[in-house]
Amino acid sequence: MDQTRRVLPLAAAAAAAAAALSKPAAACDPDLMDAHLTAVCDGALAPARAALEEALQHATPEEQLVMQRALTVANATCTTGDPVAGARIAAVLARIAGRIEGRAGLKPTDLDALA
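Just so you know, the residues in each chain are numbered from 1, in the order the chain's sequence is written. Local features in a predicted model are, by the rule used here, given only for residues with pLDDT of at least 70; side-chain atom pairs are given and counted only at 80 or more, and totals for whole chains, interfaces and linings are based on all residues. Hydrogens are left out, water is left out, and the side-chain values use all remaining heavy atoms of the structure.

(A) Main features of the packing of helix α2 (residues 30-56) against helix α4 (residues 83-104). Between N-to-C directions, angles cover 0 to 180 degrees, with each direction set by a line fitted to C-alpha atoms, over the stretch in contact for helices. In this text, helices come from DSSP runs of H or I with a minimum length of four residues, and strands from runs of E with a minimum of two, each type numbered from the N-terminal end. For the pair α2 and α4, the least separation of the axes is 8 Å and the interaxial angle reads 15°. Between α2 and α4, the angle falls in the class roughly parallel. As for the relative orientation of α2 and α4, their crossing is left-handed in sense. Facing Leu 37, Val 40, Cys 41, Ala 44, Leu 45, Ala 48, Ala 51, Leu 52, Glu 54 and Ala 55 of α2, the residues of α4 in contact are Pro 83, Gly 86, Ala 87, Ala 90, Leu 93, Ala 94, Ala 97, Ile 100 and Glu 101. Each residue receives one of three labels: charged for Asp, Glu, Lys and Arg, nonpolar for Ala, Val, Leu, Ile, Met, Phe, Trp, Tyr, Cys and Pro, and polar for the others, Gly being one of them. Residues that form the contact of α2 with α4 fall into these classes: 16 nonpolar, one polar and two charged. Orientation labels follow simple angle bins: below 35 degrees gives roughly parallel, above 145 gives roughly antiparallel, 65 to 115 gives roughly perpendicular, and whatever is left gives oblique. Put simply, a crossing is left-handed when the front helix is turned counterclockwise from the back one by less than a right angle, and right-handed when it is turned clockwise. The contact rule is simple, with two residues in contact once any of their heavy atoms fall within 4.5 Å.

(B) Representation of the side chain of Thr 77 in the model. Following the sequence through the fold, Thr 77 ends up in helix α3 (residues 61-80). Among the polar contacts listed, one links the side chain of Thr 77 to the backbone oxygen of Val 73, at a separation of 2.8 Å. What qualifies as a polar contact is a pair of N or O atoms within 3.5 Å, subject to a donor-acceptor requirement within protein and to the restriction that residues adjacent in sequence count only when both atoms come from side chains.

(C) Representation of the packing of α2 against α3 within the structure. With their axes 9 Å apart at the nearest point, α2 and α3 run at an angle of 165° to one another. Considered as vectors, α2 and α3 are oriented roughly antiparallel to each other. Note on packing geometry: the crossing formed by α2 with α3 is left-handed. Every residue of α3 that contacts α2 at Thr 38, Cys 41, Asp 42, Leu 45, Arg 49, Leu 52 and Leu 56 is listed here: Gln 64, Met 67, Gln 68, Leu 71, Ala 74, Asn 75, Thr 77, Cys 78 and Thr 79. Counted by class, the contact of α2 with α3 contains eight nonpolar, six polar and two charged residues.

(D) Here's a closer look at the environment of Ala 91. Positionally, Ala 91 belongs in helix α4. Classification of residues uses two cut-offs on accessible area relative to the type maximum, computed with a 1.4 Å probe and protein chains only: under 20% is buried, over 50% is exposed, and between them is partly exposed. Residue Ala 91 is classed as partly exposed on the basis of its relative accessible area of 47%. Counting along the chain gives 43 residues from Ala 91 to Ala 48, while the straight-line C-alpha distance between them is 7.0 Å.

The analysis is restricted to geometry; functional conclusions fall outside its scope.
Put into structure tokens, the structure is as follows:
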């Protein structure tokens, strides 16, 4: 009987814990989490998008097509809420934009952006 008294509260606690774990937590709203992941992805993509728009005027037609396709893929990736893939694409786009602008050369007014 003494052993039953000790086991009964543990069994009740285990049953309560199992019931609590079977329900999703109120703080884990999937729609809210998707919205935050999309915001993170958009935040990573915004500077690359701006650099890309500046570089497009110096890009060849082939480069413009490739960058537009990559930007479309990046936007779709952010919409699906995959910030890792979106950030990876953003880094690649920024790098490509830097190469195109580097090929175009610096103008005296370009250094004003650093101040």
